[in-house]
Amino acid sequence: MKDFCIVGSGIAGSTIANLLAKKFSVEIFDKARGPGGRSSNRRYEDNLSFDHGLQYISPKTSEFKKFILNLKKKKILKKWDGNHLDFTFKKKKVSTKYIGLKGNNDICKYLIKKIKSNYLTNITNIKFNSKYWIITLNDRDKVFFKNLILTCPFPQLKKISYKYLNKKILNIKPLMIPNITVMAAYKNYKLMPINSIRFNDTILAWASQENTKNRFISKQSLWTIQCTEKFSKQAINFLKKNKKKYELLILKKFEKLTGYQVKNVLFQNIHGWKYAYSKIITNKNSLWLNKYNLGICADWFSGPKAEDAWISAKSLFFEIKKNPPKNRRV
């Protein structure tokens, strides 16, 4: 029986898995097709791809900056230099932007490259029997672990683990914000010398020209288009049944703002993150329940950025070191 089951392979899950794997046996389970969580990269054709979640990383704390610079030195990450236009004209501190060499899930891939990971695997039930965790996969198979780490968004966390959380934790109310993203490839356009555009619009918030990340050479222009918080809130619950409608609406708005015509779209796909990030910061960075050998880490504890997910995972690791798992005989 392995020591730790990690649910989720995003920044938080990959970081805690990497740290724990230095001392314990670890295995990861994720319902997605591959690693990365909200830093996922969507392959289009050949080596053409879109970063449809996390757009870039700009470190704020010295510790995280050191971590990012080390990954840059190892050629996992690189700088994303160029023209980043901001039509909101809000005063913002100019920051260095880092992206993955091949995709923004490169961080997660690097951290868990030696750890067994299972994808397209949904955790449908968890049960602690006083000695170990019984975890049900896809309503069918059962696996057994001494300890369990959850890195899912707060609403999903409450649903699966409410039996083991006290009222103080259950009453945490992070404000989870959705995000809707469209990926589009266009023909018949010369590449613009623009990396990204921040819009002052009610529907579109941001667009990134994937070609400027220098991961591929193509005559097609690839754009990742992200919607505003207000629009995403209005549309997220209707997205599954109205994908084509919302794709067209977003692409027409992009055409109006940039001139990229819908008729020149070669490929389009829409994705909705129901729990993309949290706008409310809790008074914790993570949670370790020694009674159940249950750990929780995620960005919603401390902020909306990838850095917050990393900080949460580091925090949980130090909590586990201070209060190591009980040595229950199995």
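Description of the structure in this document.

Rules used in this analysis
- Residues numbered from 1 in each chain as written.
- Predicted model: local features only at pLDDT ≥ 70, side-chain atom pairs only at ≥ 80, totals over all residues.
- Heavy atoms only, no water.
- Core = buried A, V, L, I, M, F, W, Y, C linked by side-chain atoms within 4.5 Å.
- Buried < 20%, exposed > 50% of the residue type's maximum accessible area, 1.4 Å probe, protein only.
- Helix = DSSP H or I, 4+ residues; strand = E, 2+ residues; numbered from the N terminus.
- Contact = heavy atoms within 4.5 Å.
- Axes fitted to C-alpha atoms, helices over the stretch in contact; angles between N-to-C directions.
- Parallel < 35°, antiparallel > 145°, perpendicular 65-115°, else oblique.
- Nonpolar A, V, L, I, M, F, W, Y, C, P; charged D, E, K, R; others polar.
- Pairing = 2+ DSSP bridges.
- Left-handed = near helix turned anticlockwise from the far one by under 90°.
- Patch = residues over 30% accessible without salt bridge, like charges linked within 9 Å, V, L, I, M, F, W, Y side chains within 5 Å.
- Areas by Shrake-Rupley, 256 points an atom, 1.4 Å probe, with all protein chains shown as cover.
- Salt bridge = Lys/Arg side-chain N within 4 Å of Asp/Glu carboxyl O.
- Expected span 1.5 Å × (residues − 1).
- Arc of directions from axis to C-beta.

**A closer look at the nonpolar core**
In this structure, Ile6, Ile16, Leu20, Ile107 and Ile149 are the most contacted members of the largest nonpolar core, which totals 34 residues. Tallying contributions element by element places helix H8 (residues 306-322) first for this core, with 7 residues. Sequence-distant contacts of isoleucine 16, defined by excluding residues within four places in its chain, comprise Ile6, Ile149, Cys297, Ala313, Leu316 and Phe317. In terms of nonpolar packing, the next biggest core, distinct from the first, is built from 29 residues, Val7, Phe154, Ile169 and Ile296 among them.

**Some details on the packing of helix H2 (residues 62-73) against H8**
Packing of H2 against H8 leaves a shortest axis separation of 11 Å and a crossing angle of 105°. What the angle tells us is that H2 and H8 run roughly perpendicular. Contacts between H2 and H8 involve Glu63, Phe64 and Phe67 on the former and, on the latter, Glu307, Trp310 and Lys314. A per-class count over the contact of H2 with H8 returns 3 nonpolar, no polar and 3 charged.

**Digging into the environment of phenylalanine 144**
Inspection of the secondary structure puts phenylalanine 144 in strand E11 (residues 141-150). Residues phenylalanine 144 and isoleucine 6 lie 138 residues apart in sequence; the distance between their C-alpha atoms is 12 Å. Each residue touching phenylalanine 144, except ones within four places of it in the same chain, is listed here: Met1, Lys2, Tyr132, Trp133 and Ile134.

**A word on the sheet that holds strand E13 (residues 196-198)**
The 6 strands lie next to each other as E6-E13-E14-E15-E12-E16, forming an open sheet whose pairing is mixed. Each having just a single partner strand, strand E6 (84-86) and strand E16 (265-278) make up the two edges of the open sheet. Going across the sheet, the axis of each strand differs from the next one's by a mean of 15°, ignoring polarity. Examined bridge by bridge, strand E12 (residues 176-186) and strand E15 (residues 221-227) share 6 bridges and lie antiparallel to one another. Directly across from threonine 181, in E15, lies its bridge partner glutamine 226. This element, helix H7 (residues 243-258), spans E12, E13, strand E14 (204-209), E15 and E16 of the sheet and lies at about 105° to E16.

**Some details on the packing of helix H1 (residues 11-20) against H8**
In the contact formed by H1 and H8, the axes pass within 8 Å of each other and the chain directions differ by 35°. Every pair of crossing elements has a handedness; the one defined by H1 and H8 is right-handed. Counting all contacts with H1, which are made through Ile11, Ala12, Thr15, Ile16, Leu19 and Leu20, the residues of H8 involved are Ala306, Ala309, Trp310, Ala313, Lys314, Leu316, Phe317 and Ile320. Split into classes, the residues belonging to the contact of H1 with H8 amount to 12 nonpolar, 1 polar and 1 charged.

**A word on a nonpolar patch on the surface**
A surface patch of nonpolar side chains, about 320 Å² in accessible area, is lined by Leu85, Phe87 and Phe89. Tracing the chain through its elements places leucine 85 in strand E6.

**As for the pattern of salt bridges**
Tallied over the entire structure, the rule returns 14 salt bridges. For aspartate 51, the salt bridge goes to arginine 215, with nearest N and O atoms at 2.7 Å. In this pair, aspartate 51 sits in strand E4 (residues 48-51) while arginine 215 sits in the loop between E14 and E15, placing the two residues 164 residues apart along the sequence. Accessibility classification places aspartate 51 together with arginine 215 in one group, the buried group. The closest approach of N and O atoms between glutamate 210 and lysine 213, which form a salt bridge, is 2.9 Å. Classification of glutamate 210 by relative accessible area gives buried; the value is 1%. Look at lysine 213 and you get buried, because its relative accessible area is 1%. Overlapping salt bridges, with partners in common, bring together Asp51, Glu210, Lys213 and Arg215 in one network.

**Thoughts on H7**
Under the 1.5 Å per step criterion, the end-to-end length of H7 is 22 Å for 16 residues, consistent within 8% with the ideal 22 Å. The complete set of buried residues in H7 reads Tyr246, Glu247, Ile250, Leu251, Lys253 and Phe254. End-on view of H7: buried residues confined to an arc of 160°, all on one side of the axis. In H7, those exposed residues whose orientation departs by more than 90 degrees from the buried face are Lys244, Lys245, Lys252 and Lys256. Looking at the buried side of H7, the elements it contacts are E12, E14, E15, helix H6 (229-235) and E16. Note on H7: the residue one or two positions beyond its end, glycine 259, has a positive phi of about 95°.

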